[in-house]
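Below, each chain spelled out in residue letters.
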Amino acid sequence: KKYLQPQNRFFIGGESPWIKLGYGDSYPVFPDLTMNGKRIRGFVGSLDLGKFNVDIATGSVTRRIGSVIGTPFPDSMLIAQQNSDNTNATFVPYDFPASGRRWVKVNPGTFDRRLFVVRTGFGRRDDSHLGLTFLKSSDDKNSIELGIRPMENIVLASDFLLAFDHRNIEITGQAAFSATNKDISKGSFSNAGIDSIFAESDRNTIRSIRDVFSRVITVNEHLIPLAMKNLPTLSYETGIALNYFDNNFRFNYLRHGASYESFGQSFLRTDVIGYNISDRQRLIGNQLFLSGGFERLQDNTTKIKASTTTSTTANIGVSYYPSINFPNISIAYLRNANNND
């Protein structure tokens, strides 16, 4: 149905020990901050040469849905039409010189959104490695007749794994910087446009940003970030894992910027900074598991909110998986609290 996003799924692919190629609907997995769980319809591929590997995905993540344009009505009915509408439609002037000013109700369509992401890895995938990722996604503003605020997004990211003692010690990390333009319909700034919007002291800085970044993303007043104070679009995570004595210990520290955004990642919680700790002990021949965890996160990473909210979560649990024909048993307790000033 042309007024819905695609419901059917298809995929065809082939692979060998060192290369994989496919076309259709897939959910490619890249570092979590960049892309994970997003459906893409297009080409995916990976090359694995041992200590050098490449992953790539390109295609459509949102297909075009045409706008719906209503019947013109006179200017005198505009307020009544707006009050009776509950569809978030847009009302657009539609002038007829012979009959006076008229309006039409427009339900804006959805732009065709294309996405391209590539990751280059140095080191074996299952051992210590370093990865560099680039993602670009943009709406095709010419794909529909009438739409609202076509957008564009880029992400530059890096990830690493340091593994020791047969991966009983793992140190992981990833960092990503995003830039998102919320309205690319008018293109990048002109010099005159910069002069009309920004104070004289900021104009040279904005021109420098435009000259550098306009090669990869549209630069205008809708670009986030235009200022780098408190790095609102920077996100990073780092952690350590220890696996000894039938014990799994994890510590992670994270910071997700308030304005960080990746069009390939729809499920990331933003504007948080903090840490989490977890541990799981295996006992009685892997039949009894004792687990516990603690997490402390704060928002207001850009320091612009009136107050900072601190969220803490603590949990403990015990699970028994008997080797005989008897039900598994799990008992757990969790406590969550949110506090601010």
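Residues numbered from 1 in each chain as written. Predicted model: local features only at pLDDT ≥ 70, side-chain atom pairs only at ≥ 80, totals over all residues. Heavy atoms only, no water.

**Q** Would you take a moment to explain the overall build of the chain for this structure?
**A** From N to C terminus, the chain includes three helices and 19 strands. Radius of gyration (C-alpha) of the chain: 26 Å, far over the 20 Å computed for a compact globule of 341 residues. Counting only C-alpha atoms and orienting by the principal axes, one finds that the chain spans roughly 90 × 55 × 50 Å. Here the chain holds 341 residues, and 37% of them are scored as buried. Once local pairs closer than 6 in sequence are excluded, the contacts in the chain between residues at least 24 apart make up 56%. Entry remark: accessible area of the chain is about 20,000 Å², with carbon and sulfur atoms responsible for 55%. Within the chain, the 32 negative side-chain charges are centred at a point lying 4 Å from the centre of the 38 positive side-chain charges. (Helix = DSSP H or I, 4+ residues; strand = E, 2+ residues; numbered from the N terminus. Rg over C-alpha atoms; globule rule 2.2 N^0.38 Å. Buried < 20%, exposed > 50% of the residue type's maximum accessible area, 1.4 Å probe, protein only. Contact = heavy atoms within 4.5 Å. Areas by Shrake-Rupley, 256 points an atom, 1.4 Å probe, with all protein chains shown as cover. Lys, Arg positive; Asp, Glu negative; His and termini not counted. Charge placed at Lys NZ, Arg CZ, Asp CG, Glu CD.)

**Q** What should I look at first to understand the packing of aromatic side chains in this one?
**A** Given two aromatic rings, their pairing is described by the distance between the two centres and the angle made by the two planes. If you walk through the whole model with that rule in mind, you get seven aromatic pairs. Arranged with centres 5.8 Å apart and planes meeting at 55°, the rings of Phe 52 and Phe 122 form a pair that is tilted. Remark: Phe 122 occurs in strand 9 (residues 112-122) and Phe 52 occurs in strand 4 (residues 52-62); sequence separation between them is 70 residues. Members of the aromatic cluster, each reached through a chain of ring pairs, are Phe 251, Tyr 275 and Phe 294. Positioned above the aromatic ring of Phe 263 is the side chain of Arg 113, whose terminal nitrogen or guanidinium carbon lies 4.0 Å from the ring centre. (Phe/Tyr/Trp six-rings, centres within 6.5 Å; stacked < 30°, edge-to-face > 60°. Lys NZ or Arg CZ within 6 Å of the ring centre and 35° of its normal.)

**Q** Explanation requested: the pairing of strand 17 (residues 288-298) in the structure shown.
**A** Bridge count between strand 16 (residues 272-283) and strand 17: eleven bridges; the pairing is antiparallel. By the bridge assignment, Gln 281 is partnered in strand 17 with Leu 290. Counting the residues that bridge the hairpin from strand 16 to strand 17 gives four residues, and of these Ile 284 lies at a positive phi of roughly 50°. With eleven bridges joining them, strand 17 and strand 18 (residues 310-320) adopt antiparallel strand pairing. Considered in strand 18, the bridge of Glu 295 is made with Thr 313. (Pairing = 2+ DSSP bridges.)

**Q** Before we go on, may I ask you to explain the side chain of Ser 46 in this structure?
**A** With respect to the helices, strands and loops of the structure, Ser 46 is situated in strand 3 (residues 40-48). What Ser 46 contacts, discounting residues up to four positions off in sequence, is Trp 18, Ile 19, Lys 20, Val 54, Asp 55 and Arg 125.

**Q** Can you walk me through the pattern of salt bridges in this structure?
**A** Side-chain pairs of opposite charge can arise where the charged atoms are in close proximity. Under the criterion given, the structure shown has 15 salt bridges. Note that Asp 48 and Arg 125 form a salt bridge whose closest N and O atoms lie 3.3 Å from each other. Note that Asp 48 is positioned in strand 3 and Arg 125 in the loop between strand 9 and strand 10 (129-140), a separation of 77 residues in sequence. Note on Asp 48: relative accessible area 27%, which makes it partly exposed. Among the residues examined, Arg 125 registers a relative accessible area of 36% and is labelled partly exposed. As a salt-bridge pair, Glu 152 and Lys 136 come within 3.7 Å of each other at their nearest N and O atoms. With a gap of 16 residues between them, Glu 152 in strand 11 (residues 152-164) and Lys 136 in strand 10 connect regions that are remote in the sequence. The exposure class assigned to Glu 152 is buried, which follows from its relative accessible area of 8%. When its relative accessible area of 28% is taken as the criterion, Lys 136 is described as partly exposed. Counted as one network, the salt bridges with shared partners bring together Asp 25, Arg 39 and Arg 41. (Salt bridge = Lys/Arg side-chain N within 4 Å of Asp/Glu carboxyl O.)

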